[in-house]
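Architecture at a glance
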Amino acid sequence: MKDLKPILAFLLAALLGIGAYLLLRGGQGKGGELPAGTAPVVSLFDPKDPSMKVLVRHLDLKTGKAVFVNATIRQSKSRFNQMKQAVLVYLEGPKSGDTRVPVPAGMALNEMYLTEQGTVLVDLSVAGVDPKGFGFYEEVLFLKGLIEVLSKNFFEVKSVRVLVDGRDAPVLSGHYALGTSEN
Amino acid sequence: MKTLILWMFPCLFSLVGSQVLAGPRIALDAAHGGDDPGVKAGSGTEKDWNLDFAQDLSKALDRAGFTPLLVRKRDETLPQEKRDEMINTLQPSVVLVLHAEREWSGTQRGPLLVVQPPNRPDGGGGDVPRWGFVSPSEFRSSLKLARSLAQGLGVGPELSSLSDSRGSVGEKVAEDGRILCLPHASLRNLTPPSVVLIPIFLTSDADRKALSGDERTAFIDRIVQGLKDHFQMDVPVTPTPGVGGVDPTPVTQGQPTPEPTAVE
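Residues numbered from 1 in each chain as written. Chains lettered and ligands numbered in written order. Predicted model: local features only at pLDDT ≥ 70, side-chain atom pairs only at ≥ 80, totals over all residues. Heavy atoms only, no water.

Moving on: the overall build of chain B. Along the backbone of chain B there are eight helices and ten strands. Looking at chain B as a whole, 48% of its 264 residues qualify as buried. In chain B, the share of contacts with a sequence separation of at least 24, taken over all contacts with a separation of at least 6, comes to 70%. Just so you have it, chain B exposes about 13200 Å², and 56% of that area is on carbon and sulfur atoms. (Helix = DSSP H or I, 4+ residues; strand = E, 2+ residues; numbered from the N terminus. Buried < 20%, exposed > 50% of the residue type's maximum accessible area, 1.4 Å probe, protein only. Contact = heavy atoms within 4.5 Å. Areas by Shrake-Rupley, 256 points an atom, 1.4 Å probe, with all protein chains shown as cover.)

See the structure below:
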């Protein structure tokens, strides 16, 4: 029995070590890397955060005029998270009915960044957008709405810059020349 | 020898004179083409509409005494860089880039005109390397062209409220303004005064109806008149009071002298 004690102690330590490793590794994929498209989701707000209203540009489909509609987001402690919620509310807004957001189907948000100078960099994905269904005028309305959802609701936003898939692209979707930091 | 010189003189004159009297060169760029169809609405495709309209406009400009230069003459793929190079090499007096548009509600109508805004004076934000340089004077030239066309088309000279603030400072802005001062990929590298002309929204039934048949011809004639105003062609001459007989007729470049009319 005395001879088995060291062996048992070693086995116990090994089991504890493997268990600790598995616990710390959690739900990660092979090699400890995240599978593509499954970045860790960080909640933009706490469910207990109070709600707040933001103005979002819509297009009245009967008149073609711009109308501003109140949308609800959560007043998270991070101002940046509030901005991101506002942009997502704009991008994911209604695309049919009496009014719609001037956002083409397939437009998605990759990421957003806020600089100390008050410039918001909005990194968009246009891979899902059909260029035959998104002309210059529609690009203008879309960008106007994007800039306004940030500048009208958040005083610290001084300018908005649009990136396409992380790059300073020459155009948004074929017509509107980017490289602007227009507010 | 004297006889030879006398015979040569008219030939030389016609050679030089034809260049001197040639009308202003108008580059017409029918946007998209080939693999790039542009926007689509219903059965209409932008590239086909642009080419068709450019060809009709070219004929009208030619009749009016201008020298139209078509950048795209058939359904072919022309990258933007190649178009820019062709246009800048041709050194036209002005450039009209023709686009057809679409819009979600179907209520938005043409015509619209787009001019490239000037860069910020300080070139802030690194705009210059990304865009190329648009000086305030280049912007003013393009805006003047846009306003002449707007006047010919019977729309106001105000800038749209959608315009970039770099160009709208000090300008009259209206919600229904027809001139958009916004950065357009078709304009960014062009050196002559340039305007994107959007005659039609393919999503508008009213526009499609208005730009067919005789009304289309009238619309094209209004564009030609706008260009004439821009180049101050067909400037009316006030007849001298007390001189009867023949009404003094304005001499225009490239046009035959019209029949004299009696003074009323």
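Having seen the model, we can carry on.
Turning our eyes to something else, we now look at the environment of B:His32. As for its position among the elements, B:His32 is in the loop between strand S1 (25-30) and strand S2 (40-41). Residue classification places B:His32 among the buried residues on the basis of a relative accessible area of 9%. Measuring from C-alpha to C-alpha, the distance between B:His32 and B:Pro79 comes to 8.5 Å, with 47 residues separating the pair along the chain. Look past the residues within four positions of B:His32 in its chain and what remains in contact with it is A:His175, B:Pro37, B:Gly38, B:Glu46, B:Lys47, B:Asn50, B:Arg72, B:Glu76, B:Arg83 and B:His99. Of note is the side chain of B:His32, whose polar atom sits 3.2 Å from the side chain of A:His175. Within the structure, B:His32 has its side chain in polar contact with the side chain of B:Asp36 (distance 2.8 Å). (Polar contact = N/O pair within 3.5 Å; in protein donor to acceptor, adjacent residues only side chain to side chain.)

All right, on to the interface of chain A and chain B then. On the chain B side, the residues contacting the 36 residues of chain A number 32 residues. Taken over both partners, the interface formed by chain A and chain B buries close to 2800 Å², and the fraction arising from carbon and sulfur atoms is 57%. Interface area lost by chain A to chain B is led by A:Lys132, A:Phe136 and A:Tyr137, which between them contribute 25%. On inspection of chain A and its partner chain B, the count reaches one salt bridge. Here A:Glu138 ties to B:Arg102 by a salt bridge, and the two come within 3.1 Å at their closest N and O atoms. The tally of links between chain A and chain B comes to twelve residue pairs in polar contact (both at pLDDT 80 or more). If you list the elements that add at least two residues to the side of chain A that touches chain B, you get strand S1 (51-60) and helix H3 (136-151) of chain A. Broken down by element, the residue count for the side of chain A that touches chain B peaks at six residues, all from H3(A). Grouping the amino acids of the side of chain A that touches chain B by side-chain chemistry returns 16 nonpolar, nine polar and eleven charged. (Buried area = accessible area lost by both parts, 1.4 Å probe. Salt bridge = Lys/Arg side-chain N within 4 Å of Asp/Glu carboxyl O. Nonpolar A, V, L, I, M, F, W, Y, C, P; charged D, E, K, R; others polar.)

Below, the discussion takes up the confidence of the model for chain A. Averaged over all residues, the pLDDT of chain A is 86; the fraction at 70 or higher stands at 85%. Considering only residues more than four positions removed or in separate chains, one finds that residues 27-39 of chain A, a stretch of pLDDT under 50, has six contacts. (pLDDT = per-residue confidence, 0-100.)

Before going further, it helps to spend a moment on the sheet that holds strand S5 (residues 119-125) of chain A. In a beta sheet, neighbouring strands pair by backbone hydrogen bonds and run either parallel or antiparallel. Residue and element names in this part refer to chain A. Ordered by their spatial adjacency, three strands build an open sheet running S4-S5-S6, and the pairing between neighbours is mixed. Because the sheet does not close on itself, it has two edges, and the strands there are strand S4 (108-114) and strand S6 (159-164). Within the sheet, the average angular offset between the axes of one strand and its neighbour, ignoring direction, is 20°. As paired strands, S5 and S6 are joined by six bridges and run parallel to one another. Residue pairing across strands places Leu124 opposite Val164, the latter belonging to S6. Its contacts with the sheet put helix H2 (residues 79-91) on S4 and S5, and the angle it makes with S4 is roughly 155°. (Pairing = 2+ DSSP bridges. Axes fitted to C-alpha atoms, helices over the stretch in contact; angles between N-to-C directions.)

A separate point is the sheet that holds S1(A). Residues and elements named next belong to chain A. A sheet is described by the order of its strands in space; here three strands give the open sequence S2-S1-S3, paired in antiparallel fashion. With partners counted over all chains shown, the strands left at the sheet margins are strand S2 (66-74) and strand S3 (99-100), one partner each. Two strands pair when backbone bridges link them, and S1 and S2 are joined in this way by nine bridges, in the antiparallel orientation. By the bridge assignment for S2, Ser51 is matched with Arg74. Across the sheet, H2 is in contact with S1 and S2; its angle to S2 comes to roughly 130°. Along the sheet face, H3 touches S1 and S2 and points at about 165° away from the line of S1.

With that settled, the discussion passes to unusual backbone geometry. Residues and elements named next belong to chain B. Each neighbour pair has its own omega, and for Gly110 with Pro111 the value is -5°, a cis peptide bond. Secondary-structure assignment places Pro111 in the loop between strand S5 (94-98) and strand S6 (112-115). If you check the backbone angles, Gln91 has positive phi at about 55° while not being a glycine. Relative to the elements of secondary structure, Gln91 occurs in the loop between helix H3 (80-90) and S5. Judged by relative accessible area, which is 62%, Gln91 ranks as exposed.

Now for the packing of helix H5 (residues 136-153) of chain B against helix H8 (residues 213-230) of chain B. Residue and element names in this part refer to chain B. It is the contact of H5 with H8, at a shortest axis distance of 7 Å, that shows an interaxial angle of 135°. Classified by the angle between their axes, H5 and H8 sit oblique to one another. You can see that H5 and H8 cross each other, and the crossing is right-handed. Mapping the contact onto sequence places Lys144, Leu145, Ser148, Leu149, Gly152 and Leu153 in H5 and Phe219, Arg222, Ile223, Gly226, Leu227 and His230 in H8. Each residue belonging to the contact of H5 with H8 can be placed in one class, and the counts come to six nonpolar, four polar and two charged. (Parallel < 35°, antiparallel > 145°, perpendicular 65-115°, else oblique. Left-handed = near helix turned anticlockwise from the far one by under 90°.)

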